[in-house]
Amino acid sequence: MSDIIKVENLVEVYSDGTKAVQDISFVVKEGEFFGFLGPNGAGKTTTIKILTTILRKTAGSVTVAGYDIQAEAQEIRKLIGVESQETAIDADLTGRENLILQGNLQQMHGEILKKRVDELLKLVELDEAADKRAAYYSGGMKKRLDLASALVHKPRLLFLDEPTTGLDPQSRATMWSYLEKLNREEGVTVFLTTQYMEEADRLANRLAILDYGRIVASGTSMELKQEIGADAISLSLEKADVINAGMKEKAKQILTTIKGVGDVRDSDGGLTVYAKNGGFIIPDIVRAFDESKIRLSSINLSSPTLDDVFLKYTGRRIRPEELKKEASSFMMFGRRR
Amino acid sequence: MSILFDTQYLFVRAMKKLLRNPILLFFSLLQPIIFLLLFTQLFSKFSQIPGFPASSYLLFATPGILLQNAFSSAFQSGMSVVEDLNSGYLQKMLTTPVSRSAILLGRLLSDAFRVVVQSLIILALAYFLGASVTTGIAGVILMFLTIAFFGLAWSGISLSLGLRTKRSETVFGIGGFLTFPLLFMSTALTPLSFMPDWMQTVSKLNPISYTVDALRALTLTGFDWATILPAYAVIGFIAVATLGATLYQFRKVIS
Ligand SMILES: Nc1ncnc2c1ncn2[C@@H]1O[C@H](COP(=O)(O)OP(=O)(O)O)[C@@H](O)[C@H]1O
Ligand SMILES: [Mg+2]
């Protein structure tokens with residue numbers, strides 16, 4: 001398979017000095033479903049904007065389908081479909097008119113376009129609402145319309161920037177099944193960004209984990225999880241003990257003395273312990289904590305998830321956030337904007 | 001030529017959006033209509049003052065009201081662009097191979113078309129109230145061309161402001177702030193000789209005065225090229241400046 005996206009040492013520095021993307025390199029192969037996983041502010045949208053030719057890169061080299069992103073942008077625009085994070089549809093136009101206009105802008109006309117639009121309206125189950133103004137659509141319907149409009153000209157490569165953020169679980173599941181079908185049955189290469197590890201886990205053949213503008217890990221979801229090589233035991237300490245930092249240190253020390261315990265990491269309400277045979281160690285942990293009067297509020301055993309991979313490389317957990325609550329992201333991640 | 005097709009698609013889009021927001025359209029027409037009905041009553045005795053250049057205030061003020069309408073619709077143009085910027089629709093268009101120039105052309109042509117249609121409504125109402133145009137159909141056509149050209153030049157201000165600030169409040173605020181002083185300190189609603197000296201000076205520098213004088217020549221006196229051509233020079237000069245600024249800001253947004 002050939003590389004449909006090739007990114008080498010890509011850097012993006014905004015005019016205010018924000019280093020949104022700091023020297024990333026990756027490839028996406030034709031036909032692949034590639035996931036870009038990272039928390040709010042990681043640089044996902046910035047990367048997509050560069051790849052979709054609407055933001056000029058600061059440094060590095062990028063080719064899409066063999067075309068240079070700067071010199072041959074016009075060629076790239078003909079073969080990509082883009083669904084942006086903000087659900088960019090024209091609310092004053094009907095669903096059908098939105099798709100027709102999008103087709104027109106992709107230089108399609110007449111009967112062929114009309115047929116394609118009908119087909120897409122059926123696919124995303126908007127055929128009944130097709131002649132209503134998009135202003136009256138629900139959030140899920142708008143996302144579906146936006147997806148359909150990215151597909152009008154049968155793009156070879158589809159970019160999706162957080163296509164399910166803000167959707168209810170049912171709409172999310174529907175979106176997932178469309179995307180899987182597109183990739184498997186129609187062979188469309190998909191580049192998807194998300195803050196949800198389950199989404200990346202379920203959809204992506206291969207993924208890159210992005211944090212503060214850097215790729216911290218990449219591979220198949222299986223490979224990444226195997227790197228952890230152990231079960232994850234999440235321990236939540238009781239509130240009072242969490243506040244008492246000394247207590248947490250003490251807990252950590254106790255854990256390292258227990259046989260079979262691998263890595264121990266801080267996580268939000270307590271600690272995460274990695275161990276080969278998690279189930280066997282739990283009784284030892286409980287006993288040791290009991291003796292030292294450290295109170296636990298919960299214990300959770302799981303096989304490693306992408307969240308554990310993220311924790312391993314960044315020391316934090318991914319906390320998905322809705323787009324509109326940017327103020328809270330400011331506090332949680334200490335990022336700008 | 002894809003630029004022609006693309007311009008047409010985006011022109012049609014702008015028209016649809018306009019017609020589907022009838023309230024906005026209604027209020028933007030309401031203001032000139034109120035001016036027409038109210039001012040022509042309020043100032044009807046003006047025409048009896050010696051030195052007043054027209055036989056009725058209605059005849060005198062109609063060109064001024066036509067320009068006021070052009071002026072305020074031009075300021076809505078920038079707001080539509082801000083809307084497209086903030087909704088992400090502009091960025092979405094930019095990921096397609098659409099002609100970049102067509103995005104601006106579609107916008108400007110729809111502005112011009114809109115202002116001509118609104119002017120037609122206002123002129124029809126003025127005619128109904130008793131106004132007329134001495135230069136006949138040819139003069140009316142030239143008036144519309146002048147108004148459309150004037151509208152384009154002022155659209156440039158609101159478009160460049162919108163593209164630069166990305167805030168419709170700013171465009172709206174500056175538009176509102178400029179409208180009244182520019183309008184009242186021009187020959188749009190008052191003859192030059194009726195103003196205090198200082199205001200006469202301001203009025204002579206005010207580009208609105210040139211345009212309104214040209215329209216007034218067409219309605220009152222005839223094809224007086226010595227008045228009409230300077231108006232074109234002034235509008236042309238403004239158009240080059242404002243559309244140049246728009247192009248510059250637009251390039252910055254799309255690069
Ligand atoms: N236009 C801009 N100017 C300055 N900084 C920006 C701009 N857009 C995004 N940023 C900053 O760049 C970083 C990455 O943002 P973004 O790519 O939107 O992240 P993500 O999509 O992963 O949430 C953030 O710190 C954000 O605040
Ligand atoms: Mg984003």
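On to the overall build of chain A, then. On a plain count of helices and strands, chain A comes out with 13 helices and 14 strands. Principal-axis analysis of the C-alpha atoms gives chain A an extent of 80 × 45 × 40 Å. Across the 337 residues in chain A, those meeting the buried criterion constitute 52%. Just so you have it, chain A exposes about 15300 Å², and 50% of that area is on carbon and sulfur atoms. Side-chain charges in chain A split into 47 positive and 50 negative, and the spacing between the mean points of these groups amounts to 2 Å.

Taken together, the contact between chain B and chain A spans 22 residues of the former and 28 residues of the latter. Summing the contributions of chain B and of chain A, the shared interface buries around 2400 Å²; its carbon and sulfur component is 53%. At the junction of chain B and chain A, the tally comes to 6 salt bridges. A salt bridge links Lys16(B) to Glu97(A); the nearest nitrogen and oxygen atoms lie 3.3 Å apart. The tally of links between chain B and chain A comes to 14 residue pairs in polar contact (both at pLDDT 80 or more). Elements that contribute at least two residues to the side of chain B that touches chain A include exactly α1 (2–19) and α4 (89–94) of chain B. Counting residues per element, the side of chain B that touches chain A draws most heavily on α1(B), at 7 residues.

Turning our attention to the coordination of the magnesium ion (ligand 2). Surrounding the magnesium ion (ligand 2) are the protein donor atoms Thr45(A) (OG1) and Gln85(A) (OE1), at 2.0 to 2.2 Å. You can see Thr45(A) sitting in helix α1 (residues 44–51) and its partner Gln85(A) sitting in the loop between β6 (80–83) and α3 (95–105), a full 40 residues away along the chain.

Once that is clear, we can look at the packing of aromatic side chains. A full pass over the atoms with the stated rule returns 27 aromatic pairs over all chains. Note on Phe46(B) and Tyr57(B): the rings are 5.7 Å apart at their centroids and 80° apart in plane angle, and the pair reads as edge-to-face. Of this pair, Phe46(B) sits in the loop between α2 (22–42) and α3 (57–87) while Tyr57(B) sits in helix α3, and the two are 11 residues apart along the sequence. For Tyr57(B), a relative accessible area of 1% puts it in the buried group. Three or more aromatic residues joined by ring pairs form one cluster here, namely Phe35(B), Phe39(B), Phe43(B), Phe46(B), Phe52(B), Tyr57(B), Phe60(B) and Phe194(B). Sitting over the face of the ring of Tyr196(A), Arg172(A) holds its NZ or CZ atom 4.2 Å from the ring centroid. In this arrangement the basic side chain of Arg216(B) is found over the ring face of Phe60(B), its NZ or CZ atom lying 3.6 Å from the centre.

Take a nonpolar patch on the surface next. Together, Ile23(B), Phe26(B) and Phe27(B) give the surface a local cluster of nonpolar side chains, amounting to about 350 Å² of exposed area. Counting through the fold element by element, Ile23(B) comes out in helix α2.

It is worth spelling out the pattern of salt bridges at this point. Residues and elements named next belong to chain A. Going through the model one piece at a time under the given rule, you end up with 26 salt bridges over all chains. A salt bridge links Arg96 to Asp118; the nearest nitrogen and oxygen atoms lie 2.8 Å apart. In this pair, Arg96 sits in helix α3 while Asp118 sits in helix α4 (residues 110–123), placing the two residues 22 residues apart along the sequence. Looking at Arg96, the relative accessible area reads 26%, which means it is partly exposed. Here Asp118 falls in the partly exposed class, since its relative accessible area comes to 36%.

Our next topic: the environment of Gly315(A). Here Gly315(A) is to be found in the loop between α12 (306–314) and α13 (326–333). For Gly315(A), the contacting residues outside a window of four places in its chain are Asp266(A) and Phe310(A).

The rules behind each value
- Residues numbered from 1 in each chain as written.
- Chains lettered and ligands numbered in written order.
- Predicted model: local features only at pLDDT ≥ 70, side-chain atom pairs only at ≥ 80, totals over all residues.
- Heavy atoms only, no water.
- Helix = DSSP H or I, 4+ residues; strand = E, 2+ residues; numbered from the N terminus.
- Buried < 20%, exposed > 50% of the residue type's maximum accessible area, 1.4 Å probe, protein only.
- Areas by Shrake-Rupley, 256 points an atom, 1.4 Å probe, with all protein chains shown as cover.
- Lys, Arg positive; Asp, Glu negative; His and termini not counted.
- Charge placed at Lys NZ, Arg CZ, Asp CG, Glu CD.
- Contact = heavy atoms within 4.5 Å.
- Buried area = accessible area lost by both parts, 1.4 Å probe.
- Salt bridge = Lys/Arg side-chain N within 4 Å of Asp/Glu carboxyl O.
- Polar contact = N/O pair within 3.5 Å; in protein donor to acceptor, adjacent residues only side chain to side chain.
- Donors = N, O, S within 2.8 Å, 3.2 Å for Na, K, Ca; no water.
- Phe/Tyr/Trp six-rings, centres within 6.5 Å; stacked < 30°, edge-to-face > 60°.
- Lys NZ or Arg CZ within 6 Å of the ring centre and 35° of its normal.
- Patch = residues over 30% accessible without salt bridge, like charges linked within 9 Å, V, L, I, M, F, W, Y side chains within 5 Å.

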